[in-house]
Amino acid sequence: MPGPTFYKGEEVIKETKFTLNKDAPFTFDVEFERAVTEPERLVPVEKAKGPIISIFGLDDRTFNGDNPWTQYVQQRAFEAGKMDFQIQMYEGLGHLIDGPNTPVCSKTMNPLVTWLVDYGGK
């Protein structure tokens, strides 16, 4: 099943492939392994001119355990001399970040699947 397509300007870089199973958790662990070996898929954070904040929910169910993306991207930024990269982790926060004064959404449809995906959060 095709996933998101990555662009560089108008040029298509690569299509992401997902293997989804309704009986298994919806996770991005496989995509992380691909990104590490295919860095052209990643946003070049090390080139950002301003500070970066990465918000990570400790109840995010799209990862099996810790979120490897945040630490990996921060490491890339630091190795490039970009020290204004901050990570904020929040108990009870899932994958989705809701706006202020709105109800928390922990399950919703994903355009890649035909069932509700549990993103975690309380």
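Further up the page is the structure itself.
Quick summary incoming for the structure in this document. (Residues numbered from 1 in each chain as written. Predicted model: local features only at pLDDT ≥ 70, side-chain atom pairs only at ≥ 80, totals over all residues. Heavy atoms only, no water.)

Of note, Asp60 is situated in the loop between strand S3 (52–57) and helix H2 (68–79). It is Arg61 that comes nearest to the buried, bridge-free Asp60 among opposite-charge side chains, at 8.1 Å. (Helix = DSSP H or I, 4+ residues; strand = E, 2+ residues; numbered from the N terminus. Buried < 20%, exposed > 50% of the residue type's maximum accessible area, 1.4 Å probe, protein only. Lys, Arg positive; Asp, Glu negative; His and termini not counted. Salt bridge = Lys/Arg side-chain N within 4 Å of Asp/Glu carboxyl O.)

Side chains of Ile53, Ile55, Tyr90 and Ile97 sit close together on the surface and give an oily, nonpolar patch of about 390 Å² of accessible area. As for its placement among the helices and strands, Ile97 is situated in the loop between strand S4 (85–90) and strand S5 (107–109). Overall, Ile97 belongs to the exposed group, its relative accessible area being 52%. (Patch = residues over 30% accessible without salt bridge, like charges linked within 9 Å, V, L, I, M, F, W, Y side chains within 5 Å. Areas by Shrake-Rupley, 256 points an atom, 1.4 Å probe, with all protein chains shown as cover.)

Positionally, Ser54 belongs in strand S3. In this structure Ser54 comes out as buried when scored by relative accessible area, which is 15%. Side-chain polar atoms of Ser54 contact the side chain of Thr70, separated by 3.4 Å. Discounting residues that sit within four places of it in the chain, Ser54 has contacts with Thr70, Phe85, Gln86, Ile87 and Gln88. (Polar contact = N/O pair within 3.5 Å; in protein donor to acceptor, adjacent residues only side chain to side chain. Contact = heavy atoms within 4.5 Å.)

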